[in-house]
Amino acid sequence: MVIKLALKNIKNSIVEFSREYSLLIVSQLVAVISIFFAYGIFGSYSAKMQEIDIDSYNIRATVEVGKVGQLRESLPEMLEGMQDRLDYVFIGGFLDDMRVSMYFEYDNGEYKSADTTNKNAPADEGRNISDRDLRDGSNVVCISGDIEGMIGYTVDIGDTGFQVIGRRNIGANYLEIPFTAESDDLELFVISLIFEQLPKQSDYIMFRDTMEGLFGDEVIVDEFKLKDADEIISMKSIIVISVAIGIVSALNTCLIYGYIISRRKKQMAVYGIIGAAKGIRLLINEVEIMLVSASIVVIGFIVYRFGIEKKIVEVYASSVSVYGFKSYFIMIMLYMICIFVATYIMLNLVTSRRLTDMLRRAKR
Amino acid sequence: MFKFALSEYIRNFWFNLCTILLIIVIMVLSTIFISNIEQDTREYRLAEQYIDKDSIFVTWSFYDLKQMIEDKLGKEDKLLYSQSIAGGIEGNKDANISSLVYPQQVMEKLEPRMDETVNILDAKKNKDIIIAYISHNPYGIEAGDVFSYEILTLEGEDDGICVDVYVAGIIGEGQRLYSSVGEVFSDMVYKDFFNLYSYEQTGKVKMIIPEQELCKIKEIDRINKTSIYENIIINPSDNMSEDERIALAEAISEYEKNIRPITSEMVYPDARDIVYRSNVLHKSELYKYIPLTIIVMVLFIVCVTSIVTIKTIISSRFYGIMYMCGMHYTIAQRMTAVEMTLNSVIATVFAISILTLQNKLKLVGEINCNLDILQYGFMFAICTVIILWSTMTAKRVLKDNPPIQITKNMD
């Protein structure tokens, strides 16, 4: 019965308040599309800012022909001057088709396990490589994959057996060993210095000179990039604009709903006089609002998903895909919850216990 | 009439509050939007005046070449260069501070972003003090400080020129300055003429001195003659014939060969290619603003329509009754204008306050939200549109409909 009444309300409103209802439909449609758009901008630019951050705090060299063993002597001298700013070092090598990674921190002549990578990628079984493994130069390995029960087994990397101490569920054919283990013959592919504080030009020059000194023409050292604060400020500004778009959409929708709800005082007073409890009166109006909002959200979703999204993704291309079923679902749910909460509060404010007060206010 | 407008305003308190909030957010949004476009395009707007299809570029030179170029150019030809001065703190040989002398057009179009600024009114009155902007530095020099800057000439270490410098601001990190061109490579675009600078990452302390401040120094001629002129861009006007242009380019080339060997890394690509690639890059950067502009415009139109429509509807009954009692429709128009003007003024005051607070306190971090003539103009335009539209709608409803029809529609 509540739904029937709600539908009747909608029909009557369209006939009696055609102008206001048209404005409501158009405003909500624009608000829904704006919110999807704003979300896309927000996600895309947040991802771009992270990419810039990663690039700015990273110095990298790719080695075409070289061995891990060639780094051992020069690395401490190179890292000595920059250890205060350094977070960790990543060395990537390979053997046959197996990728071998080494992560470590450098602290006053000692190699330690990289806290950042241990926190971001903890072992799903067993343990990560520890400070002791690095100190002792233990031949231990952390493997990847979803085959359980490998802890304690020995894996051959080259001619050396490495004991499996941990497993991660990420990727496959991926091995992590301590830098100090027996790995001199591993083919070196990449060396990356990841900094906590912005790297200085002197750090880059030291890194480049060391790499070119060791590997000559066989190394490509990435260009040193100064952090472009202007670009980051521009992206932050666009993110704030996207948030403001969301706020404007929300305020506009509240404005129109506030007006429509204020016109319902007489109707709700009449319902109350003929016996409807406050809860029922609220429910009838809420059901009407949610039905209208849900219909508009579905139309807005279809228009955006199949008409506009492709263009937006082309213009604001980033490596991260922000639009997916899950993200649309969350946005729609959040939108409906916000509409429900806002209109519930407005309906409560308008619905007074004394029906005579409501009738008197309705005449104004 | 004013009393009626005020009582009507208070009667519709919630509507007016919502309207004010909406206008505030629209104004803040438009200010950030315009400021961001301005900042993103400022290098291009400066570069397009100088980088043209027949521009000539020089990486660096001494005073004599710069003077020769100036002598050969006419009034309509354009010349841009970055004058570089070596120097340091007087009495401290290890405190190196290199300075860039910014011509007025660069100072206006490419005003450096400052992390800190101070008032310069008092310093401006003192004609013996130069007002300059310095980067973050290890010497403890901060905004508002005065220090003795020793300009090193090429004549000798003991022949430096000492000037008092008032630090009007601290240059922000990670921004593009008009200084040396750095690397010359084959696919240069306009951005490559403005190098990124960071004290934190390079360790080099820089100071920017506006050209008109440098003119205060008595030994300005000596300083000019011993400066290095970098990133020289010559844009001949249409008055210069092709032969004259080629002659100038050859004279420059001959000069450069005499002072240093020319390597392939110093040869600029063709100016037409630079212009073409720059235009492509600039268009691609503006392209991202098109969807934003469309969404913002559509939202603005929808919001103003909502405000005006609801305002008209809620006021029509009241105006209809007053109309029946003899009030002329123009009074209703004026009352609407007064109400919407009050909303607009309150919203503008709050919007400007929020933006000023943001600039001072960085409430949401550092973003582009400058308050200049253009931004104020847009705020004024928003207010004008809302006030005029409301007034015209009120007039249309009252003038075109008899009073009985108005009150009938309101039941």
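Residues numbered from 1 in each chain as written. Chains lettered and ligands numbered in written order. Predicted model: local features only at pLDDT ≥ 70, side-chain atom pairs only at ≥ 80, totals over all residues. Heavy atoms only, no water.

1. Re the overall build of chain B
To be explicit about the condition: Under the scheme used here, helices are H or I runs from DSSP no shorter than 4 residues and strands are E runs no shorter than 2 residues, and both carry numbers assigned from the N terminus. Based on C-alpha atoms, the radius of gyration is set beside the globule rule, defined as 2.2 Å times the residue count to the power 0.38. Working definition: with a 1.4 Å probe on protein chains only, accessible area under 20% of the residue-type maximum means buried, over 50% means exposed, and in between means partly exposed. When checking whether two residues touch, look at their non-hydrogen atoms; a contact exists if any pair is within 4.5 Å. Calculation of accessible area relied on Shrake-Rupley with a 1.4 Å probe; when residues are assessed, cover is drawn exclusively from the protein chains displayed.
If you tally the helices and strands in chain B, you get 14 helices and 12 strands. Against the 2.2 N^0.38 benchmark of 22 Å for 411 residues, chain B shows a C-alpha radius of gyration of 29 Å, more extended than a compact globule. Taken along the three principal axes of its C-alpha coordinates, chain B extends 95 × 50 × 35 Å. The proportion of buried residues among the 411 residues of chain B is 52%. Taking all contacts inside chain B whose residues are at least 6 apart in sequence as the whole, residues at least 24 apart take part in 80%. Accessible surface, chain B: about 19900 Å² in total, of which carbon and sulfur atoms supply 57%.

2. Re the overall build of chain A
Across its full length, chain A holds 11 helices and 11 strands. In terms of C-alpha radius of gyration, chain A reaches 31 Å, well past the compact-globule figure of 21 Å for 364 residues. Its C-alpha atoms give chain A principal-axis dimensions of about 90 × 50 × 35 Å. Among the 364 residues that make up chain A, the fraction classed as buried is 50%.

3. As for empty space enclosed by the protein
Using the following cut-off: A 1.4 Å probe that fits but cannot get out identifies a cavity on a 1 Å grid over protein atoms alone, an open set with protein on both sides within 12 Å along at least five of seven lines counts as a pocket, and a residue lines either if it has an atom within 4 Å of a point. Grid points are joined across faces, edges and corners, and a volume is the space filled by probe spheres set on the points.
Counted by the stated rule, this structure contains three cavities of 30 Å³ or more. In this structure, the largest cavity occupies an estimated 60 Å³ of space. Surrounding the largest cavity, Y21(A), L24(A), Y257(A), I260(A), I261(A), R264(A), N285(A), E288(A), I289(A) and L347(A) form its lining. Looking at the lining of the largest cavity, the elements that each hand over two or more residues are α2 (18-56), α7 (229-262) and α9 (278-315) of chain A. In this model, the second largest cavity occupies a volume close to 50 Å³. Around the second largest cavity, the lining residues are K311(B), T312(B), S315(B), S316(B), Y319(B), T336(B), S390(B), A394(B) and L398(B). Put simply, the parts of the chain that give the lining of the second largest cavity at least two residues each are α11 (289-324) and α13 (373-400) of chain B.

4. So, the domain arrangement of chain A
Size of an interface: often given as the accessible area lost when the parts come together. Going by this rule: For the domain bounds, the source is a domain assignment made automatically or taken from a database.
Assigned domains within chain A: domain 1 (2-51 + 229-362) and domain 2 (58-197). Computed over C-alpha atoms, the centres of domain 1 of chain A and domain 2 of chain A are 51 Å apart.

5. What about the nonpolar core?
The cut-off we apply is this: Here the nonpolar core consists of buried residues drawn from Ala, Val, Leu, Ile, Met, Phe, Trp, Tyr and Cys, with membership extended through side-chain atoms lying within 4.5 Å.
In this structure, F37(A), I245(A), V248(A), Y304(A), Y316(A), L22(B) and L292(B) are the most contacted members of the largest nonpolar core, which totals 92 residues. Counting residues per element, the ones that place at least two in this core are α2, α7, α9 and α10 (325-350) of chain A together with α2 (13-50), α11, α12 (329-361) and α13 of chain B. Sequence-distant contacts of V248(A), that is, excluding residues within four places in its chain, are made with L22(B), V25(B), I26(B), L29(B), L299(B) and C303(B). I51(B), I209(B), I217(B) and V275(B) belong to the second largest nonpolar core, which has 61 residues in total.

6. Notes on a nonpolar patch on the surface
To keep things clear, this is the line we draw: Think of a patch as exposed residues, more than 30% relative accessible area, with no salt bridge, where like charges cluster within 9 Å and nonpolar side chains (Val, Leu, Ile, Met, Phe, Trp, Tyr) cluster within 5 Å. By convention in these notes, a salt bridge is any Lys or Arg side-chain nitrogen within 4 Å of a carboxyl oxygen on Asp or Glu.
A contiguous nonpolar surface patch, about 1100 Å² in accessible area, is contributed by F325(A), F329(A), I330(A), M333(A), L334(A), I337(A), F340(A), V341(A), Y344(A), I345(A) and L349(A). Relative to the helices and strands, I337(A) resides in helix α10.

7. Overview of the side chain of T210(A)
By the secondary structure assignment, T210(A) is in helix α6 (residues 201-215). When sequence neighbours within four positions are dropped, the list of residues in contact with T210(A) reads S74(A) and M78(A).

8. Quick word on the interface of chain B and chain A
What counts, and what does not: Buried area: the accessible area, evaluated with a 1.4 Å probe, that two parts lose upon being put together, summed over both parts. Polar contacts here mean pairs of N or O atoms no more than 3.5 Å apart (in protein, one a potential hydrogen donor and the other a potential acceptor; neighbouring residues in sequence count only if both atoms are side-chain atoms).
Facing 51 residues of chain B, the contacting portion of chain A comprises 44 residues. For the pairing of chain B and chain A, the buried interface totals around 4200 Å² over both sides, and the portion due to carbon and sulfur atoms is 70%. Here chain B and chain A share two salt bridges between them. With a closest N to O distance of 2.9 Å, R113(B) and D230(A) form a salt bridge. Between the two partners, chain B and chain A, sit 12 residue pairs in polar contact (both at pLDDT 80 or more). Every element with two or more residues in the side of chain B that touches chain A is listed here: α2, β9 (175-177), β10 (195-197), α6 (199-202) and α11 of chain B.

9. Some points on α2(B)
Residues and elements named next belong to chain B. Here is the rule we go by: For a helix, the expected span equals 1.5 Å multiplied by the number of residues minus one. Here the bend at each residue means the angle between axes fitted to two seven-residue stretches, the one ending at that residue and the one beginning there.
Across its 38 residues, α2 extends 55 Å between first and last C-alpha, which sits within 8% of the 56 Å expected from 1.5 Å per residue. Considering bend angle alone, the principal kink of α2 is centred on T41 and spans about 50 degrees. In terms of burial, α2 is largely enclosed, as 28 of its 38 residues are buried.

10. So, the packing of helix α10 (residues 271-287) of chain B against α11(B)
All names here are of chain B. Definition in use: To obtain an axis, a line is fitted to C-alpha atoms, over the contacting stretch when the element is a helix, and the angle between two such axes runs from 0 to 180 degrees between their N-to-C directions. We call two directions roughly parallel when the angle between them is under 35 degrees, roughly antiparallel when it is over 145, roughly perpendicular when it lies between 65 and 115, and oblique otherwise. Three residue categories are used. Nonpolar comprises Ala, Val, Leu, Ile, Met, Phe, Trp, Tyr, Cys and Pro, charged comprises Asp, Glu, Lys and Arg, and polar comprises the others, including Gly.
Axis separation between α10 and α11 bottoms out at 5 Å; the angle between their running directions is 30 degrees. With respect to their mutual orientation, α10 and α11 come out roughly parallel. Counting all contacts with α10, which are made through E285, L286 and Y287, the residues of α11 involved are Y289, I290 and P291. Here the contact of α10 with α11 is composed, by residue class, of five nonpolar, no polar and one charged.

11. Some words on the pattern of salt bridges
Side-chain pairs of opposite charge can arise whenever the charged atoms involved come near each other. Across all of its chains, the model carries 23 salt bridges over all chains by this definition. Across the pair R127(A) and D133(A) runs a salt bridge whose closest N-O atoms are separated by 2.7 Å. Taking the relative accessible area as the measure of exposure, R127(A) reaches 37% and is therefore partly exposed. Notably, a salt bridge pairs R168(A) with E176(A), separated by 2.7 Å at the nearest N-O pair. The network of salt bridges with common partners includes E43(B), K191(B) and E285(B).

12. Topic: the environment of I56(B)
All names here are of chain B. Its location among the elements puts I56 in strand β1 (residues 56-61). On the basis of relative accessible area, I56 is assigned to the buried category, the value being 7%. Considering only alpha carbons, one finds I56 and Y149, 93 residues apart in sequence, at a separation of 34 Å. Setting aside chain neighbours within four positions, we find I56 in contact with I232, I233, I234, R245, L248, A249 and I252.

13. Thoughts on unusual backbone geometry
All names here are of chain B. Despite not being glycine, N231 shows a phi value in the positive range, around 50 degrees. Phi is positive for K362, which is not a glycine, with a value near 50 degrees. Examined against the element boundaries, K362 turns out to sit in the loop between α12 and α13.

14. Quick notes on the environment of V146(B)
All names here are of chain B. Structurally, V146 can be placed in strand β7 (residues 146-151). Measuring from C-alpha to C-alpha, the distance between V146 and K72 comes to 40 Å, with 74 residues separating the pair along the chain. Ignoring sequence-local partners within four residues, the contact set of V146 consists of I129, D164, V165 and Y166.

15. Observations regarding the confidence of the model for chain B
Put simply, the rule is: How sure the predictor is of each residue is captured by pLDDT, a score from 0 to 100.
When the pLDDT values of chain B are averaged, the result is 87; 95% of them are 70 or greater. Across chain B, the element-wise mean pLDDT spans from 65 in helix α14 (residues 403-409) of chain B up to 95 in strand β11 (residues 206-210) of chain B.

16. Some points on the pairing of strand β8 (residues 160-168) of chain A
Residues and elements named next belong to chain A. Quick note on the threshold: Two strands are counted as paired when DSSP detects at least two bridges linking them.
Where burial is concerned, most of β8 is hidden: seven out of the nine residues are buried. Looking at chain direction, strand β6 (residues 140-144) and β8 are connected through five bridges and run parallel. Each residue of the ladder has a partner; that of S144, found in β8, is R168. Two elements, strand β7 (residues 154-157) and β8, share four bridges in a ladder whose sense is antiparallel. Paired with I157 across the bridge in β8 is T160. Connecting β7 to the antiparallel partner β8 that follows it, the hairpin turn spans two residues, and G158 within it adopts a positive phi of roughly 75 degrees.

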